[in-house]
Amino acid sequence: MLDSVERTISLIAPAKINLALHVTGRRDDGYHLLDSLVVFAHIGDKVSVKRAPVDSFEVSGRFGCALPSDETNLVLKARNALRARFPDKAAPVAIHLEKHLPIASGIGGGSSDAAATLRALTALWGIETNELAAIGLTLGADVPMCLHGQPLIARGIGEEIEGVDDFPHVPMVLVNSGGATSTPQVFSALINRDNQPLPGLPRLTTVHDVCIYLGQTHNHLFSAAEKLSPAIGYAMQALRNTDPRLVRMSGSGGTCFAIYGSDQEAEAAAAALKRAQPGWFVVATHNGGVDLGPDR
Ligand code: C5P
């Protein structure tokens, strides 16, 4: 496929939200087995790629300066992994990452950026492959689910994905009160887990159904994460004060989310939280607004 030199492909890398996260065991290599209900927000980072005379990588956005722009960045690891697999197709490329999501915060920013980079570059380089999830998994346990990009249950270490059809619209607010959490540290501080899988998922048609179901579930990483980063407790309490249906931490933290009965309630809660805590990351959102293309 011949692309014009000017063609830019831009994709949103949506925030990943673990509505429920149960730890069900531990593999011999130290990775933990999970059972997690995951949705994707309609907000996220943005990855843009275009052909260029030489490779380049630029990072901007509110959280851009907190991120390394060297080869340790998951965006460049994704580019390198795809290029290593398809060296004949992988012409030099200029990549721009707009980093709107907080770093190392439990909403999959890095994994979602890597997934968006893989998708954007396969389109730009004209690569047709069914190996993206396998390539993604070499970059991180959450990358395959971010490639899926729609409501799902993740098992294994996160790579066994079962899509969930017809998930209702769920209004939410995401809050991060600052301070990155280290996923390996949170997992290794995990104690007293009960190894219970998620209860079977019934058909969920309303926010009420979602909250009833989530009421029987947990985020098993919460206590360990809050001990390591007490600011998570402040975010949880601030969200509770806005009278939501449910409050919980996502992933290994520290971003927390609350669920509301309507978009208006979520927007009012976000506005109040922003006024009270101007330094925090606060955003009203909902699940599932980003179309990642027909071959996800
Ligand atoms: O795969 P990823 O690089 O995102 O994982 C970061 C770290 O988080 C791993 O090295 C591991 O310590 C921990 N982890 C885990 N179980 C998982 C996913 C991550 O223990 N399912």
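Residues numbered from 1 in each chain as written. Predicted model: local features only at pLDDT ≥ 70, side-chain atom pairs only at ≥ 80, totals over all residues.

A. Representation of the pairing of strand β10 (residues 281-286) in the model. For β10, the tally of buried residues reaches 5 of 6 residues, placing the bulk of the element in the interior. Two strands pair when backbone bridges link them, and strand β7 (residues 171-176) and β10 are joined in this way by 6 bridges, in the antiparallel orientation. Note on β10: the bridge partner recorded for Leu-174 is Val-283. (Buried ≥ 20, exposed ≤ 12 C-beta atoms within 10 Å, placed from the backbone. Helix = DSSP H or I, 4+ residues; strand = E, 2+ residues; numbered from the N terminus. Pairing = 2+ DSSP bridges.)

B. Up close: the domain arrangement of the protein chain. Its domain assignment divides the protein chain into domain 1 (8-163) and domain 2 (171-286). Computed over C-alpha atoms, the centres of domain 1 and domain 2 are 22 Å apart. Taken residue by residue, the interface counts 24 residues in domain 1 and 31 residues in domain 2. Elements that contribute at least two residues to the side of domain 1 that touches domain 2 include exactly β1 (8-26) and β2 (32-51). The dominant element in the side of domain 1 that touches domain 2, judged by the number of residues it contributes, is β1, at 10 residues. A per-class count over the side of domain 1 that touches domain 2 returns 14 nonpolar, 9 polar and 1 charged. (Domains from an automatic or database assignment. Contact = placed C-beta atoms within 7 Å. Nonpolar A, V, L, I, M, F, W, Y, C, P; charged D, E, K, R; others polar.)

C. How the structure looks around the nonpolar core. Counting 79 residues, the largest nonpolar core has Val-47, Leu-118, Val-173 and Val-175 as the members making the most contacts within it. In terms of residues, this core owes the most to one element, β1, which gives 9 residues. Residue assignment places this core across two domains, with domain 1 (8-163) and domain 2 (171-286) each supplying three or more. The contact partners of Val-47, leaving out residues within four places of it in the chain, are Leu-11, Ala-13, Val-75, Ile-95, Leu-97, Asp-113, Ala-116, Thr-117 and Ala-120. (Core = buried A, V, L, I, M, F, W, Y, C linked by C-beta atoms within 7 Å.)

D. Expanded view of the packing of helix α1 (residues 74-85) against helix α2 (residues 109-124). As a packed pair, α1 and α2 sit with axes 8 Å apart at the nearest point and diverge in direction by 35°. By crossing handedness, the relation of α1 to α2 is classed as right-handed. On the side of α1, the interface is formed by Leu-74, Val-75, Lys-77, Ala-78, Arg-79 and Leu-82, while α2 contributes Gly-110, Ser-111, Asp-113, Ala-114, Thr-117, Leu-118 and Leu-121. A breakdown of the residues in the contact of α1 with α2 according to their chemical character gives 7 nonpolar, 3 polar and 3 charged. (Axes fitted to C-alpha atoms, helices over the stretch in contact; angles between N-to-C directions. Left-handed = near helix turned anticlockwise from the far one by under 90°.)

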